[in-house]
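# Residue-level structure breakdown
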Amino acid sequence: MKTFQYVITDETGIHARPAGNLAKLCKEFAAKVTLNADGKQAEATKLMAVMGMGIRKGTRVTVQVEGDDEENAVPQIEAFFRENL
């Protein structure tokens, strides 16, 4: 299992468009991707679960990636967070 943390810098936090794009990206991998923030947890491939976390600007998100292609998935997901959130 690989993990990384990211502090959300987008003014509106994780809203519909980036949440949808994140879910789409994470579905490309066999690894399970889980977001943890403020005591809440959601599987990144589940759009409504991610949006239901209510992640706002300044929130520290821990991303867990576990599975066969985690080594490949982590850098791509980290890049997504840096570029979009």
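What comes next concerns the included structure. Keep in mind that this is a model prediction, so the values were computed, not measured. (Residues numbered from 1 in each chain as written. Predicted model: local features only at pLDDT ≥ 70, side-chain atom pairs only at ≥ 80, totals over all residues. Heavy atoms only, no water.)

### Points about the overall build of the chain
Broken down by element type, the chain carries 3 helices and 4 strands. Going residue by residue from the N terminus, the α and β elements of the chain occur as β-α-β-β-α-β-α. The C-alpha radius of gyration of the chain comes to 11 Å, within 12% of the 12 Å expected for a compact globule of 85 residues. Principal-axis analysis of the C-alpha atoms places the extent of the chain at approximately 35 × 25 × 20 Å. (Helix = DSSP H or I, 4+ residues; strand = E, 2+ residues; numbered from the N terminus. Rg over C-alpha atoms; globule rule 2.2 N^0.38 Å.)

### Concerning the nonpolar core
Leu35, Val63, Ile77 and Phe81 are the most contacted members of the largest nonpolar core, which has 27 residues in total. Contributing elements (two or more residues each) for this core: strand E1 (2-7), helix H1 (16-26), strand E2 (32-37), strand E4 (60-66) and helix H3 (70-84). If we skip the residues at most four places from it in the chain, Val63 touches Lys2, Thr3, Phe4, Val33, Thr34, Leu35, Ile77 and Phe81. (Core = buried A, V, L, I, M, F, W, Y, C linked by side-chain atoms within 4.5 Å. Buried < 20%, exposed > 50% of the residue type's maximum accessible area, 1.4 Å probe, protein only. Contact = heavy atoms within 4.5 Å.)

### Points about the sheet that holds E1
One open sheet holds the 4 strands; their spatial order is E1-E4-E2-E3, and the pairing between them is antiparallel. Of all strands in the sheet, those with a lone pairing partner are E1 and strand E3 (40-43), marking the two edges. Each neighbouring strand pair of the sheet contributes to a mean axis angle of 20 degrees, computed without reference to strand direction. Summarising the sheet, E2 and E3 pair through 4 bridges and their orientation is antiparallel. (Pairing = 2+ DSSP bridges. Axes fitted to C-alpha atoms, helices over the stretch in contact; angles between N-to-C directions.)

### Things to note about the pairing of E2
When you tally the buried positions in E2, you get 5 out of 6 residues, the bulk of the element. Bridge count between E2 and E4: 5 bridges; the pairing is antiparallel. Across the sheet, Val33 pairs through a bridge with Val65, a residue of E4. In sequence, E2 turns back onto E3 through a hairpin of 2 residues, with Asp38 there showing a positive phi of about 50 degrees.

### Considerations on the side chain of Thr34
With respect to the helices and strands, Thr34 occurs in strand E2. In this view, Thr34 contacts Gln41, Ala42, Glu43, Ala44, Thr62, Val63 and Gln64; residues no more than four positions away in its chain are not counted.

### Focus: H3
Look at H3: 20 Å from first C-alpha to last across 15 residues, which is about the 21 Å you get at 1.5 Å a residue. Turning to H3, its buried residues are Glu70, Ala73, Val74, Ile77, Ala79, Phe80 and Phe81. Looking at the buried side of H3, the elements it contacts are E1, H1, E2 and E4. (Expected span 1.5 Å × (residues − 1).)

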